[in-house]
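Structure at a glance
Chain residues, written in single-letter form:
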Amino acid sequence: AQSVTQLDSQVPVFEEAPVELRCNYSSSVSVYLFWYVQYPNQGLQLLLKYLSGSTLVKGINGFEAEFNKSQTSFHLRKPSVHISDTAEYFCAVSKQGGSEKLVFGKGTKLTVNP
Amino acid sequence: NAGVTQTPKFQVLKTGQSMTLQCAQDMNHNSMYWYRQDPGMGLRLIYYSASEGTTDKGEVPNGYNVSRLNKREFSLRLESAAPSQTSVYFCASRSRTPNTEAFFGQGTRLTVV
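The structure contained in this document is the topic of the report that follows. Here the residue numbers are simple positions, counted from 1 along each chain's written sequence. Chains carry letters and ligands carry numbers; both start at the beginning, A for chains and 1 for ligands, and go up in the order they are written. Local features in this predicted model are restricted to residues whose pLDDT is 70 or higher, and side-chain atom pairs enter the listing and the counts only when it is 80 or higher, whereas totals over whole chains, interfaces and linings include all residues. Excluding hydrogens and water, the side-chain figures rest on all heavy atoms present in the structure.

1. With respect to the interface of chain A and chain B
- On the side of chain B, 24 residues touch chain A, which itself brings 22 residues to the contact.
- What makes a salt bridge here is a side-chain nitrogen of Lys or Arg within 4 Å of a carboxyl oxygen of Asp or Glu, nothing more. Joining chain A to chain B, the criterion identifies one salt bridge.
- Its salt-bridge partner being Lys49(A), residue Glu101(B) comes within 2.8 Å of it at the nearest N-O pair.
- Polar contacts, as used here, are pairs of N or O atoms within 3.5 Å; protein pairs need one atom able to donate a hydrogen and one able to accept it. Residues neighboring in sequence count only if both atoms are side-chain atoms. Taken together, the links from chain A to chain B amount to six residue pairs in polar contact (both at pLDDT 80 or more).
- Under the scheme used here, helices are H or I runs from DSSP no shorter than 4 residues and strands are E runs no shorter than 2 residues, and both carry numbers assigned from the N terminus. Listed by contribution, the elements that provide at least two residues to the side of chain A that touches chain B are β5 (31-38), β6 (44-50), β10 (87-95) and β11 (103-104) of chain A.
- Three classes are used: nonpolar for Ala, Val, Leu, Ile, Met, Phe, Trp, Tyr, Cys and Pro, charged for Asp, Glu, Lys and Arg, and polar for all others, with Gly counted as polar. Here the side of chain A that touches chain B is built from residues that sort into ten nonpolar, seven polar and five charged. Only heavy atoms enter the contact rule, under which two residues are in contact if any of them lie within 4.5 Å.

2. Section: the pairing of strand β4 (residues 23-26) of chain A
All names here are of chain A.
- Along β4, the buried face is formed by Cys23 and Tyr25; none of Asn24 and Ser26, which line the opposite face, is buried.
- Here, a strand pair is defined by DSSP locating no fewer than two bridges between the strands. Judged from the four bridges that link them, strand β1 (residues 3-6) and β4 form a sheet pairing that is antiparallel. Paired with Ser3 across the bridge in β4 is Ser26. Buried residues are those whose accessible area, probed at 1.4 Å on protein chains only, stays under 20% of the maximum for their type, while exposed residues exceed 50% and partly exposed ones sit between those limits.

3. Details of unusual backbone geometry
- In this chain, Thr7(B) is followed by Pro8(B) through a cis amide linkage whose omega measures -5°.
- Topologically, Pro8(B) is positioned in the loop between β1 (4-7) and β2 (10-13).
- Despite not being glycine, Glu16(A) shows a phi value in the positive range, around 75°.
- Structurally, Glu16(A) is set in the loop between β2 (10-14) and β3 (19-21).
- Given a relative accessible area of 60%, Glu16(A) falls into the exposed group.

4. Observations concerning the state of the cysteines
Residues and elements named next belong to chain A.
- Any two cysteine sulfur atoms within 2.5 Å of one another count as a disulfide. Under the definition given, this model contains two disulfides over all chains.
- Through a disulfide, Cys23 is tied to Cys91; the S-S separation comes to 2.0 Å. The disulfide joining Cys23 to Cys91 has a torsion of about -65° about its S-S bond and is therefore left-handed. With Cys23 in strand β4 and Cys91 in strand β10, the pair connects residues that are 68 residues apart, well separated along the chain.

5. Let's talk about the pairing of strand β8 (residues 64-68) of chain A
All names here are of chain A.
- With burial as the criterion, only one face of β8 is covered, namely that bearing Ala65 and Phe67; the residues Glu64, Glu66 and Asn68 on the opposite face remain uncovered.
- One ladder, built from three bridges, connects strand β7 (residues 56-58) with β8; its direction is antiparallel. Residue pairing across strands places Leu56 opposite Glu66, the latter belonging to β8.
- Hairpin geometry of β7 and β8 is characterised by an intervening segment of five residues between the two adjacent antiparallel strands and by a positive phi of about 60° at Asn61.
- From the end of β8 to the start of strand β9 (residues 73-78), which pair antiparallel, there are four residues, and Thr72 there has a positive phi angle of about 45°.

6. Let's talk about the environment of Ile46(B)
All names here are of chain B.
- Of note, Ile46 is situated in strand β5 (residues 42-49).
- Residues Ile46 and Pro61, 15 residues apart in the sequence, show an inter-C-alpha distance of 4.8 Å.
- Among all residues touching Ile46, those that are not within four sequence positions of it are Trp34, Tyr35, Arg36, Lys57, Gly58, Val60, Pro61, Tyr64, Leu76 and Tyr89.

7. A few points about the packing of aromatic side chains
- Between 30 and 60 degrees the pair is tilted, below 30 it is stacked and above 60 it is edge-to-face, where a pair is any two Phe, Tyr or Trp rings, Trp via its six-membered ring, whose centres lie within 6.5 Å. The tally for this structure, following the rule as stated, stands at 13 aromatic pairs over all chains.
- Judged by centre distance (6.0 Å) and plane angle (40°), the rings of Tyr35(B) and Phe104(B) are tilted. Taken as a pair, Tyr35(B) in strand β4 (residues 31-38) and Phe104(B) in strand β10 (residues 102-104) lie far apart in primary sequence, 69 residues in all.
- The class of Tyr35(B) is buried, set by a relative accessible area of 0%.
- Taking 5.9 Å as the distance between ring centres and 65° as the angle between the ring planes, the aromatic pair formed by Tyr64(B) and Tyr89(B) counts as edge-to-face. Of the two residues, Tyr64(B) is situated in the loop between β6 (56-57) and β7 (65-68) and Tyr89(B) in strand β9 (residues 87-94); the sequence distance between them amounts to 25 residues.
- On the basis of relative accessible area, Tyr89(B) is assigned to the buried category, the value being 0%.
- One aromatic cluster is present, formed by Phe34(A), Tyr36(A), Phe104(A), Tyr33(B), Tyr35(B), Tyr48(B), Phe90(B) and Phe104(B) through successive ring pairs.

Below, the structure written as structure tokens:
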């Protein structure tokens, strides 16, 4: 069965600093990978996704992620964060073909300080 | 375009009471999901349905039942609510192609006292 590990539960950074949120997955077959963001008291919205092709994926709000098959990772990065990026970020995985199961990590709370 | 609609938004139950959380999507998606979100635990999959007429257990199915009523609707039932089921519940839907991303409802905040 597929699973996701988000290595940091909380990441504090200063405004305009770069940030990396780490995600590792476990699956015996090819996968689709996703990053979602959740602002306080809201639902989840998609930041970016990896389906196939280029391993560097660009998303909304200046975020990008790199798929690394050999390290089974899909880390999320932003070169310069804003106060408004303060939110919880979730990595998710599903298998390509077969089961439609979609599994999420435990989330990383990003706090951007002035 | 409403997307994924969950009802109710808030609910307080007494231990032992039953209730059904409703979810409907208008995007013609095949797959639908129920998750619960608890602090520090992320989103845990309760049940999912890959297509009308099929349902499968997720990571934490105990204490819940689901019904995929038709392609649009996927309900979650708590037969005898327990305080451990206090949580925020999210419904999501997803198409197999072309995008495969999931769209989420706004959540139901359930408190069991």
